[in-house]
Amino acid sequence: MNYQLHLRTPDSNGNLVFNTIIFDAFKVNIVERYYGLVPKSCDVLFKVRTLDDQLIKRKDGHVKLRIKDEDYNTYKTLIKVFGTYEYKNKLISRNDAQQDFVHFILRMVIMNYNLN
């Protein structure tokens, strides 16, 4: 499956970070919301949309999904790789880092959303 990964889109600011993954048939909008003067805590939400921006509902009828608990720790580990010296200077495989992140998000989408 082909995808485009857009990290820290231009709409991002200090307290809100927007990431988007665009697949062939749908896209995933990820919002990281930071709290406090020194960002200590963070909420991570995502929504799945069609390519023409129609929201897709989850299996339970809601639209948004909050990443929490063990999945939150995994998310933070995967997203942190994109800011490392090794990633920026191509000392590690960028493709592998991106694929690990996309596969994690795709697993969350498949587990929680009805994709027909």
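Refer to the structure presented above.
Computed from a prediction, not measured in an experiment: that's the story for all the values here. Every chain's residues receive numbers from 1 upward, in the order its sequence appears when written. pLDDT decides what is reported in this predicted model: residues at 70 or higher carry local features, side-chain atom pairs at 80 or more are listed and counted, and totals for whole chains, interfaces and linings draw on all residues regardless. With hydrogens and water stripped out, all remaining heavy atoms of the structure feed into the side-chain values.

With a phi close to 50°, R8 is a non-glycine residue in the positive phi region. Only DSSP runs of H or I with at least four residues qualify as helices, and only runs of E with at least two residues qualify as strands; both kinds are numbered from the N terminus onward. By the secondary structure assignment, R8 is in the loop between β1 (3-6) and β2 (16-23). Exposure classes here rest on a 1.4 Å probe applied to the protein chains alone. A residue is buried below 20% of its type maximum, exposed above 50%, and partly exposed in between. With relative accessibility at 56%, the residue R8 sits in the exposed group.

Turning our attention to helix α1 (residues 69-80). An expected span of 1.5 Å times one less than the residue number is assigned to each helix. Helix length check: α1, at 12 residues, gives a terminal C-alpha distance of 17 Å against a target of 16 Å (1.5 Å per residue), a fit within 8%. Residues of α1 that are buried: Y75, L78 and I79. For α1, the arc enclosing every buried residue in end-on projection is 95°, short of the 170-degree limit, so these residues lie on one face. Exposed positions of α1 whose direction lies more than 90 degrees from the buried face are D69, E70, T77 and K80. In this structure, the buried residues of α1 make contact with β2, β3 (26-35), β4 (41-50), β5 (65-67) and α3 (94-112). The arc refers to the directions leading from the helix axis to the C-beta atoms. Contacts are residue-level and defined by heavy atoms, with any inter-residue pair within 4.5 Å sufficient.

Working note: a packed helix pair is described by the angle between its axes plus the distance between those axes. Where α1 meets α3, the closest approach of the two axes is 9 Å, and the angle between their N-to-C directions is 155°. Of the possible angle classes, the one that applies to α1 and α3 is roughly antiparallel. Viewed along their axes, α1 and α3 form a crossing whose handedness is left-handed. For the pair α1 and α3, the contacting residues are D71, T74, Y75, L78 and I79 in the first and D100, F101, F104, I105, R107 and M108 in the second. Whenever a helix is involved, its axis is fitted only over the stretch in contact; in every case the axis is a line through C-alpha atoms, and angles between N-to-C directions fall within 0 to 180 degrees. Orientation categories follow fixed angle ranges, with anything under 35 degrees roughly parallel, anything over 145 roughly antiparallel, 65 to 115 roughly perpendicular, and all other angles oblique. Crossing handedness is defined as follows: a turn of the near helix away from the far one that is anticlockwise and smaller than a right angle gives a left-handed crossing, while the clockwise case is right-handed.

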